[in-house]
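Understanding the architecture of this molecule
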Amino acid sequence: MSQSEASLTEFKLIECNETEHAVAILEILNEAILNSTALYDYQPRTLQSMQSWFAIKREQNFPVLGIVNPTGELLGFATWGTFRAFPAYKYTVEHSIYIHHAYRGCGLSKILMQTLIEKAQQQQLHVMVGCIDANNVASIQLHQKLGFSHSGTIQQAGFKFGRWLDAAFYQLTLTTPLHPQDG
């Protein structure tokens, strides 16, 4: 059993907060920015940017779920945000999941995603959208296993690491809300 697997024998799902988790979330995000195409971003984010990030999450009642090991180390987190800034999209969100690089491939994304889906149903949402780099096979397979379907790919949507990147969109349509309304 690897050190990563041994650390995962006991873990806990938590609601992240700015005071306790901003630095760890920032480290996970910045590692992904610098070393992957999970984020189509070039520059690492600052601790100051996390203040506005958390403020928006609180203001919009968007969850920031985390998974920690017995020592409290944040191994990964999941959240969602506005899909598009028009009122008729109020039942649709775009989600994100990021795992600490040392714990990728250990099944944490699935746990976080399943919990995020449950939260979306509780909050009476209808569609969850994931924008995934088309070469991120592991993320695409996870989404497919959880019932997401491919809803389109925007070819050459991004440019990073000296190459064009295709953005693949996957969606899960929920049975909620029970009584959708205009306005």
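Residues numbered from 1 in each chain as written. Predicted model: local features only at pLDDT ≥ 70, side-chain atom pairs only at ≥ 80, totals over all residues. Heavy atoms only, no water.

1. Focus on the confidence of the model for the protein chain
This prediction gives the protein chain a mean pLDDT of 93; 95% of its residues lie at or above 70. A low-confidence stretch, residues 1-7 (pLDDT under 50), is modelled with 8 contacts involving residues beyond four sequence positions or located in other chains. (pLDDT = per-residue confidence, 0-100. Contact = heavy atoms within 4.5 Å.)

2. What to know about the environment of Ile28
Examined against the element boundaries, Ile28 turns out to sit in helix H2 (residues 18-35). For Ile28, a relative accessible area of 4% puts it in the buried group. Sequence-wise, Ile28 and His101 are 73 residues apart; in three dimensions their C-alpha atoms are separated by 7.5 Å. (Helix = DSSP H or I, 4+ residues; strand = E, 2+ residues; numbered from the N terminus. Buried < 20%, exposed > 50% of the residue type's maximum accessible area, 1.4 Å probe, protein only.)

3. Re the pairing of strand S6 (residues 149-160)
Taken together, the 8 bridges between S6 and strand S7 (residues 163-173) define a ladder with antiparallel strand orientation. When the sheet's bridge partners are listed, Lys160 is paired in S7 with Arg163. Counted between consecutive antiparallel strands, the loop separating S6 from S7 contains 2 residues, among which Phe161 sits at a positive phi close to 55°. (Pairing = 2+ DSSP bridges.)

4. A few points about the nonpolar core
By size, the foremost hydrophobic cluster in this structure holds 26 residues, and its most contacted members are Trp80, Met113, Leu116, Ile117, Met128 and Phe148. Going through the elements one at a time, strand S2 (64-68), strand S3 (74-82), strand S4 (92-99), helix H4 (108-122), strand S5 (127-133), helix H5 (137-145) and S7 are the ones with two or more residues in this core. A total of 6 residues in this core trace back to one element, the largest contributor, which is H4. Among all residues touching Met113, those that are not within four sequence positions of it are His95, Ile97, Met128, His143, Leu146 and Phe148. With 18 residues, the next largest nonpolar core counts Ile14, Leu26, Ile33 and Phe77 among its residues. (Core = buried A, V, L, I, M, F, W, Y, C linked by side-chain atoms within 4.5 Å.)

5. With respect to the pairing of S2
Most of S2 sits inside the fold, with 5 of its 5 residues counted as buried. Pairing analysis gives 4 bridges linking strand S1 (residues 12-15) to S2, with the strands arranged antiparallel. Bridging from a neighbouring strand, Glu15 pairs with Leu65 of S2. Pairing of S2 with S3 involves 5 bridges; the strand directions are antiparallel. Paired with Val68 across the bridge in S3 is Leu74. In this antiparallel pair of consecutive strands, S2 and S3, the connection spans 5 residues, and Gly72 shows a positive phi of 90°.

6. Examining H4
Here H4 is 15 residues long and its end C-alpha atoms lie 21 Å apart, about the 21 Å a rise of 1.5 Å per residue gives. Turning to H4, its buried residues number three or more, namely Leu108, Leu112, Met113, Thr115, Leu116, Ile117 and Ala120. Directly beyond the C-terminal end of H4, a positive phi value near 60° is found at Gln124. (Expected span 1.5 Å × (residues − 1).)

7. Details of the sheet that holds S4
The 7 strands lie next to each other as S1-S2-S3-S4-S5-S7-S6, forming an open sheet whose pairing is mixed. Edge positions in the sheet fall to S1 and S6, since each has one partner strand and no second. Sheet twist, expressed as the average angle between the axes of neighbouring strands with direction ignored, equals 25°. Helix-sheet contacts for helix H3 (residues 47-60) involve S2 and S3, and the interaxial angle to S3 is about 60°. (Axes fitted to C-alpha atoms, helices over the stretch in contact; angles between N-to-C directions.)

8. Re the layout of surface pockets
Computed from the structure, the largest pocket encloses a volume of approximately 1200 Å³. Lining the largest pocket are 44 residues, with Ala38, Ser96, Ile97, Tyr98 and Ser139 sitting closest to its centre. Counting residues per element, the ones that place at least two in the lining of the largest pocket are H2, H3, S3, S4, H4, S5 and H5. Taken together, the residues of the lining of the largest pocket sort by class into 20 nonpolar, 16 polar and 8 charged. Of the voids in this model, the second largest pocket is the one considered here, and its volume is about 250 Å³. Along the walls of the second largest pocket sit 15 residues, with Gln60, Phe62, Lys90, Val93 and Leu125 positioned nearest its centre. Looking at the lining of the second largest pocket, the elements with two or more residues in it are S3 and S4. The residue makeup of the lining of the second largest pocket, split by class, is 8 nonpolar, 5 polar and 2 charged. (1 Å grid on protein atoms, 1.4 Å probe; cavity = no way out; pocket = protein on both sides within 12 Å on 5 of 7 lines; lining within 4 Å. Points joined across faces, edges and corners; volume = space filled by probe spheres on them. Nonpolar A, V, L, I, M, F, W, Y, C, P; charged D, E, K, R; others polar.)

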